[in-house]
Amino acid sequence: MTVTLEVSDNVGTIRLDRPPMNALDVATQDRLRELAEEATRRDDVRAVILYGGEKVFAAGADIKEMQAMDHAAMVVRSKALQDSFTAVARIPKPVVAAVTGYALGGGCELALCADFRIAADNAKLGQPEILLGLIPGAGGTQRLARLVGPSRAKDLIFTGRHVKAEEALTIGLVDRVVPAAEVYEQAHAWAARLAQGPALALRAAKEAVDAGLETDIDTGLTIERNWFAGLFATEDRERGMRSFVEEGPGKAKFL
């Protein structure tokens, strides 16, 4: 399998495994969607790590495969391509990308689907599609601009240049830079901590932020208000408030 899902301690690791560069061919894209949907369904998965291994996250699409496609073929395929990445972005649980080596093109777009990005100090990210006479097609023009702002997104997309880890941190493309040997460990620590949190509240927080970014502030506030009030019907809310009153803040244990 070019993509696998391994679950341990309520953390699911979606692992790309297509040596040498984890090129995202059609089969890998489809498998990625399947496992994102599985991670969404499974109750034993409460947080997710996206990982490409110790050497590379994903160097982009399979260019040889794409070269053989004409316009008609890509009209059909482009929707499935976007759907695969959207399935990852819509996992209703905390998702962290553990980025090692190259995360280019589709690899960068996959990292953009995460809620948090931890990068190795030797990582390089970018959207080099312009160098092929193309633009990003798996969400890069949309998610990148929302994350780093339109001007910085246009710089990266127009030039196709690679961004080293420290610059990626400066512009907000990644959230933390660590030694390469510690990337997965730190990503797992982030995911494991949130996997112990209140699942419904985390889901609500993620949906409120993501959905709110797609609309005006009044609609966003309505989304927030509805989720906020709805959580008062949950056992986790009862557990969290009871623990606060009886034991003090930050000591609640959630199932």
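The rules behind the values
- In every chain, residue numbers begin from 1 and rise along the written sequence.
- Predicted model: local features are reported for residues with pLDDT of at least 70 only, side-chain atom pairs are reported and counted for 80 or more only, and whole-chain, interface and lining totals are derived from all residues.
- The basis for every side-chain value is the complete set of heavy atoms in the structure, and neither hydrogens nor water enter the calculation.
- Counted as salt bridges are all cases of a side-chain nitrogen of Lys or Arg within 4 Å of a carboxyl oxygen of Asp or Glu.
- To count as a disulfide, a pair of cysteine sulfur atoms needs to be within 2.5 Å.
- What counts as a helix is a DSSP run of H or I of at least four residues, what counts as a strand is a run of E of at least two, and both are numbered from the N terminus.
- Contacts were defined at the residue level, with two residues in contact if any of their heavy atoms lie within 4.5 Å.
- We call two strands paired when DSSP finds no fewer than two bridges between them.
- Angles shown run from 0 to 180 degrees and are taken between the N-to-C directions of axes, each axis being a line fitted to C-alpha atoms and, for helices, limited to the stretch in contact.

**Thoughts on the pattern of salt bridges**
Scanning the entire structure with this criterion turns up 15 salt bridges. If you follow the salt bridges from partner to partner, you end up with Asp 30, Arg 33, Glu 37 and Arg 77 in one network.

**Quick word on the state of the cysteines**
As used in these notes, a disulfide is a covalent bond between sulfur atoms, one from each of two cysteines. Throughout the structure, instances matching the rule amount to zero disulfides. In this model Cys 108 remains outside any disulfide bridge; the closest cysteine sulfur is found in Cys 113, 10.0 Å from its own.

**Some points on the environment of Val 95**
Mapped onto the secondary structure, Val 95 falls in strand S4 (residues 95–99). Along the chain, Val 95 and Gly 240 lie 145 residues apart, while their C-alpha atoms are 23 Å from each other. Those residues in contact with Val 95, other than ones at most four positions away along the chain, are Val 48, Leu 50, Ala 114, Asp 115, Phe 116, Trp 190 and Lys 206.

**Quick word on the sheet that holds strand S2 (residues 11–16)**
Ordered in space as S1-S2-S3-S4-S6-S9, the six strands form an open sheet in which the pairing is mixed. A single partner strand is all that each edge strand has here, and the edge strands are strand S1 (3–8) and strand S9 (176–178). Here the average twist between neighbouring strands, direction ignored, is 20 degrees. Sheet analysis places S2 next to strand S3 (residues 47–51), joined by five bridges and oriented parallel. From the neighbouring strand, Ile 14 faces S3, where its bridge partner is Leu 50. Against the sheet, helix H1 (residues 26–41) engages S1, S2 and S3, with an angle of about 25 degrees to S1.

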